[in-house]
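Residue-level structural notes
Here are the chains, one letter per residue:
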Amino acid sequence: PEAGPIAKGFDHNVGGYQAMPHVHFSPYNSPAMNNGPDGEYLTDRFTDEAIQFIQSNRDRPFFLYLAHWALHTPIQAKADKIAVYERAGHPNPPYAAMIESVDESVGRVMQNLDDLGLSDNTLIIFSADHGGVANITDLSPLRGGKGSLYEGGIRVSTCVTWPEVIKPGSSCDTPLTSVDLLPTFAEIADAQLPKNQPVDGRSFLPLLKGKKELDERAIFWHYPLYLTGSGAGKVKPVHGTIEPYWRAVPATVMRKGDWKIFYFYEDKSVELYDVKNDISEKKNLTTEQTERTATMKKELLTWVKNTKAPTPDKLNPKFGRTSETAPVGKRQKAP
């Protein structure tokens, strides 16, 4: 509870207490939500609760964070929807059926706003926290998947609607990150940002109002851990079989403009990609772009130092790189 939504400032919480669901059908046996009727679908339940919240707060400003557990494993969907995709020959009918249920949820929430006359003055952001699991869904041409710092793990599409502000049919290619949400919402609500913690993000309200770009800045991802699982095709253990690959290894990543640099702590190797012209991150440009690599590496390591980001300082004896994927250093033996 001390780490849950209520402790973080939310006034109301339904279902938020852990990172993933045990099941997608009732009984849920959740300490943060009562069970529904047997067989109730979790995505529908969250949608019902969201609509009830909107209706209860229709006469005042409100903030609703609807974080569906679909499409997280276990992959479970309604039988009638699965049957439709089976008949259509879909390669993963249960996964497709889960997507349809989330799609229906978004439609129901937006319809409720329409019915209450709130749509024009309501900002809706639909996004995801990471890419899909590579062995469940096709992420091509992106490299890697959930858990990876390659584009397949961190690049997600985001859709925004705000009829009184955003021009219909417009698009924007400026990279944003989830830490930008807090300052954006604060500016929109004319609220004060917290003074007892750093705010790493930047408001993207100007983009919503039609500005093409924000001032250039660096965006960082820091992951000082190991994450097993197939799909990344990046590294493998020293001992045993090739599978499972590590999806992620201790690393910091920085993107600035169209350039993205990786710094790996195991062997202090570096990778540099032009993600505008090489979205699949196939060509490591460190040797062709030596000056840019040095400058970006210095900025990355300065950020790590200034933020006091935790970093590993000892080599892992059970880890080693595979030479069959990316040229990321020349470790000759396990440390």
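The structure we're discussing is the one just above.
In this numbering scheme, every chain counts its residues from 1 along its sequence in written order. With the structure being a predicted model, the display of local features is reserved for residues of pLDDT at least 70 and the display and counting of side-chain atom pairs for 80 or more, all residues being used for whole-chain, interface and lining totals. The side-chain values count all of the structure's non-hydrogen atoms but skip hydrogen atoms and water molecules.

1. Observations regarding unusual backbone geometry
As a reminder, the rule being used: Secondary structure counts use DSSP, requiring at least four H or I residues in a row for a helix and at least two E residues in a row for a strand, with both numbered from the N terminus. Think of it in three bands: with a 1.4 Å probe and only protein chains considered, a residue is buried below 20% of the maximum accessible area for its type, exposed above 50%, and partly exposed in between.
In this model, Ala70 is joined to Leu71 through a cis peptide bond whose omega is 25°. Residue position: Leu71 is located in the loop between helix H1 (42-56) and helix H2 (79-87). Cis rather than trans, the peptide bond between Ser140 and Pro141 has omega equal to 10°. Positive phi, close to 55°, is recorded for Asn29, a residue that is not glycine. Relative to the elements of secondary structure, Asn29 occurs in the segment before H1. Relative accessible area serves as the criterion here: at 56%, Asn29 is assigned to the exposed category. Phi at Lys308 is positive, roughly 55°, even though this residue is not glycine. Looking at the element boundaries, Lys308 is found in the loop between helix H7 (290-306) and strand E10 (319-321).

2. Comments concerning H7
Counting along an α-helix, one turn takes 3.6 residues, and residues three or four places apart therefore face a common direction. What counts is decided by this rule: Expected span, for any helix, means 1.5 Å times one less than how many residues it has. Starting at the helix axis, one direction is taken to each C-beta atom, and the arc is that of these directions. The contact criterion used is simple: two residues touch if any of their non-hydrogen atoms lie within 4.5 Å.
Over its 17 residues, H7 runs 24 Å from end to end, which matches the ideal 24 Å to within 8%, given 1.5 Å per residue. Every buried residue of H7 is listed here: Thr293, Met296, Leu300 and Val304. On an axial view of H7, the arc spanned by its buried residues comes to 80°, and they lie on one face. Among the exposed residues of H7, those oriented more than 90 degrees off its buried face are Glu291, Lys298, Lys305 and Asn306. Summarising the contacts, the buried residues of H7 are in contact with strand E3 (218-223), strand E7 (251-256), strand E8 (259-264) and strand E9 (270-274).

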